[in-house]
Amino acid sequence: MFSHKNVIATVALAALAGACATSTTGPSPGTSAPAFGRAATAQEVAAWDISIPPSGAGLPAGGGTAKQGEVVYVAQCQACHGPKGAGKPADVLVGGVGSLASDKPMRTVGSYWPYATTLFDYTRRAMPATKPLSLTNDEVYAVTAYLLYLNGIVGESAEMNAQTLPKVVMPNRDNFIVVYPRRAP
């Protein structure tokens, strides 16, 4: 027996099927592949192609210091990562150097991450978690400098930018095994 909801659902499905049957964006005659969407333009691809490799190739213009980054961190990061990267509710970002071989390893920016450019890349594309891609390049450089400073990797006045960031040597840089080598861009 059909209920009122079943009748509405059946009518909606029939309307959708009819719309699809008369669509002008379907496959071309003689092909079986559906024609969904369109090819992305070069500008659209460039806007999303923001990956930064360990070499730092493609780092954008801009820069920032730890002092500047502290302001950004308090406003944008502290609610999830705690004061000075102490964690809670999200991951701890500071400390743990020398703990990776222990019974309780701490995988933090300072103890685990092999490249400072990876920190910039991840922060720019994924943070803050509620508004990814919302920080300016200067803010990302500054927050990166602040986290590196908190981990004792750079000084408080060191400016991180496209030239200086790839030169930062992370404490765990040489402790990764390259299984599948990547080609440099």
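What comes next is a walk through the structure. (Residues numbered from 1 in each chain as written. Predicted model: local features only at pLDDT ≥ 70, side-chain atom pairs only at ≥ 80, totals over all residues. Heavy atoms only, no water.)

Considerations on the pattern of salt bridges
In the structure shown here, the tally under the stated rule is three salt bridges. Two residues, Glu156 and Lys67, come together in a salt bridge whose shortest N-O distance is 3.6 Å. Remark: Lys67 occurs in helix 3 (residues 66–76) and Glu156 occurs in the loop between helix 6 (137–150) and strand 2 (160–161); sequence separation between them is 89 residues. For Lys67, a relative accessible area of 54% puts it in the exposed group. Measuring nitrogen to oxygen at the nearest pair gives 3.1 Å for the salt bridge that ties Asp121 to Arg125. Of this pair, Asp121 and Arg125 both sit in helix 5 (residues 116–126), four residues apart, which is roughly one turn of that helix. (Salt bridge = Lys/Arg side-chain N within 4 Å of Asp/Glu carboxyl O. Helix = DSSP H or I, 4+ residues; strand = E, 2+ residues; numbered from the N terminus. Buried < 20%, exposed > 50% of the residue type's maximum accessible area, 1.4 Å probe, protein only.)

Observations regarding the nonpolar core
Counting 27 residues, the largest nonpolar core has Leu148, Met160, Leu165, Val168 and Met170 as its most contacted members. Counting only elements with at least two residues in this core, the list comes to helix 3, helix 5 and helix 6. The dominant element in this core, judged by the number of residues it contributes, is helix 6, at seven residues. Dropping the residues within four chain positions of it, Val168 is found in contact with Ala116, Leu148, Ile153, Val154, Met160 and Arg173. (Core = buried A, V, L, I, M, F, W, Y, C linked by side-chain atoms within 4.5 Å. Contact = heavy atoms within 4.5 Å.)

What to know about helix 5
Of the positions making up helix 5, those classed as buried are Ala116, Thr117, Leu119, Phe120, Asp121, Thr123 and Arg124. Where helix 5 is buried, its residues touch helix 6.

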